[in-house]
Amino acid sequence: MKLATNVLLVCLLLFGVATFVFLQNAVVKGSSPSAGYVFLALTLFSGAMLYSMTLFMNERIKKLTQRLELLSTSLDESLQAVEADEEVEQKKSSQELARKIADKIAADGLSVEDFSEEILSRLSKEVPFAHGLFYMRQQGGEAFLPTARFAFYSDRELDGFSVGEGINGQVVKDGKSVTIDTIPDNYVHIVSGLGKTNPRAITLTPIMQEGRSVALLELAFLSQPTEHDKQVVDSFCTLISNKIPILQEA
């Protein structure tokens, strides 16, 4: 189609030049411009053909563009559907793993400290955090005290907090999980055989009962936790909340 258009365009130019030459010669010599009329007719014919082909090509391009847009829309919808399915499967997998961990923890007969340590120990086998802290709310008050630690080291004594006090206090007040990506240099260190290292991220996950925070899980990671890790921790904290009343009654 492009070749035919180019040929017609060249013919149009040649016929146009020929028409001009023959008509000019006829005027100068006073003869009949019959050959000029022939080339004029050919010029008009070539122009009409070129115009028709241009319209035809534009229409084809328009239809092709519409088809490409439909294909692109269909592809986007398919990708979104695949991503949605993957997200559902990942969430389902996270919930199953969280339930597997929670089912291994029995609160009956355990002290608050033993229960808290069991949580951190079981969770560390499935979630790659470097160190963890567990806080429990004191009965009848707004104070949270640390009840267990996992691979934790600090130059200072580990203190508790109250609802609304500091980052931890704000998290239990809002009742929503938070991931801290920017860690102050003096906030906390992870100690290993290679020395002290600052964590790359810290997750703070409240444990809720009837819209009220009763505990807080704080985990530090050497690399950014994946969405799967966060979902496991969130689901685990939801599942473990129903064992805290048993613990408080013991």
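These numbers come from a predicted model, not from an experiment.

> Describe the sheet that holds strand β2 (residues 143–150), naming the residues involved and giving the relevant values.
Ordered by their spatial adjacency, six strands build an open sheet running β3-β2-β1-β8-β7-β4, and the pairing between neighbours is antiparallel. Of all the strands in the sheet, the pair left with one neighbour each is β3 (161–162) and β4 (178–180). Here strand β1 (residues 131–137) pairs with β2 via six bridges, running antiparallel. Following the sheet pairing, Tyr135 is matched in β2 by Pro146.

> Tell me what's going on with the packing of aromatic side chains, and back it up with residues and numbers.
Within this structure, the stated rule accounts for three aromatic pairs. Consider the rings of Tyr135 and Phe161, whose centres lie 5.0 Å apart with planes at 65 degrees: the pair is edge-to-face. Of this pair, Tyr135 sits in strand β1 while Phe161 sits in strand β3; the two residues are 26 residues apart in sequence, bridging distant segments of the chain. An identical accessibility class is assigned to Tyr135 and Phe161; each is buried. Ring centres of Phe144 and Phe161 lie 5.1 Å apart, and the angle between their planes is 5 degrees; this geometry places the pair in the stacked category.

> Before we move on, could you go through the side chain of Thr147 and cite the residues and values that matter?
Here Thr147 is to be found in strand β2. Under the relative-accessibility criterion, Thr147 is labelled buried at 11%. Apart from the residues lying within four places of it in its own chain, the contact partners of Thr147 are Val112, Glu113, Ser116, Phe134, Tyr135 and Met136.

> Could you give an account of the pattern of salt bridges, with specific residues and numbers?
Scanning the entire structure with this criterion turns up one salt bridge. Linking Glu118 and Arg122 is a salt bridge whose minimum nitrogen-to-oxygen distance equals 2.8 Å. In this pair, Glu118 and Arg122 both sit in helix α3 (residues 112–124), four residues apart, roughly one turn of the helix.

> Which residues make up a negative patch on the surface, and what are the values?
A cluster of acidic residues, Glu83, Glu87, Glu227 and Asp234, forms a negative patch at the surface. Those elements that provide at least two residues to the negative patch are α2 (34–103) and α5 (227–240). Mapped onto the secondary structure, Glu83 falls in helix α2.

> Summarise the nonpolar core; cite the residues concerned and give the values.
With 28 residues, the main nonpolar core has Leu123, Phe134, Ile207, Leu217, Leu219 and Phe236 as its most contacted residues. Mapped onto this core, the elements with two or more residues apiece are α2, α3, β1, β8 (212–221) and α5. Per element, the largest residue contribution to this core is six residues, and it comes from α5. Apart from residues lying up to four places away in sequence, Leu123 is in contact with Ile101, Phe129, Leu217, Leu219 and Phe236.

> Lay out the side chain of Asp229 in plain terms, naming residues and giving numbers.
Note on placement: Asp229 falls in helix α5. One buried charge, Asp229, has no salt-bridge partner; the nearest side chain with opposite charge is Lys230, at 9.1 Å. Filtering out sequence-adjacent residues up to four positions away, Asp229 remains in contact with Val127 and Pro128.

> An account of unusual backbone geometry is needed here, citing residue identities and associated values.
The phi torsion at Ala151 lies on the positive side, around 50 degrees, for a residue other than glycine. Looking at the secondary structure, you find Ala151 in the loop between β2 and β3. The phi angle at Glu210 is positive, at roughly 55 degrees, despite the residue not being glycine. By secondary structure assignment, the location of Glu210 is in the loop between β7 (201–209) and β8.

> Would you mind going over the environment of Lys91 in detail, with residue names and values included?
By the secondary structure assignment, Lys91 is in helix α2. Along the sequence, Lys91 and Glu227 sit 136 residues apart, while their C-alpha atoms lie 9.2 Å from each other.

> I'd like to hear about the pairing of β8, residue by residue, with values.
Here β8 lies mainly inside the structure; nine of its ten residues are buried. Alignment of β1 against β8, held across six bridges, turns out to be antiparallel. Within the sheet, the bridge partner assigned to Phe134 lies in β8 and is Leu217. Summarising the sheet, β7 and β8 pair through nine bridges and their orientation is antiparallel. Considered in β8, the bridge of Pro206 is made with Leu216. A loop of two residues connects β7 with β8, the two strands running antiparallel in sequence, and Glu210 in this loop sits at a positive phi of about 55 degrees.

Thresholds applied
- Residues numbered from 1 in each chain as written.
- Predicted model: local features only at pLDDT ≥ 70, side-chain atom pairs only at ≥ 80, totals over all residues.
- Heavy atoms only, no water.
- Pairing = 2+ DSSP bridges.
- Helix = DSSP H or I, 4+ residues; strand = E, 2+ residues; numbered from the N terminus.
- Phe/Tyr/Trp six-rings, centres within 6.5 Å; stacked < 30°, edge-to-face > 60°.
- Buried < 20%, exposed > 50% of the residue type's maximum accessible area, 1.4 Å probe, protein only.
- Contact = heavy atoms within 4.5 Å.
- Salt bridge = Lys/Arg side-chain N within 4 Å of Asp/Glu carboxyl O.
- Patch = residues over 30% accessible without salt bridge, like charges linked within 9 Å, V, L, I, M, F, W, Y side chains within 5 Å.
- Areas by Shrake-Rupley, 256 points an atom, 1.4 Å probe, with all protein chains shown as cover.
- Lys, Arg positive; Asp, Glu negative; His and termini not counted.
- Charge placed at Lys NZ, Arg CZ, Asp CG, Glu CD.
- Core = buried A, V, L, I, M, F, W, Y, C linked by side-chain atoms within 4.5 Å.

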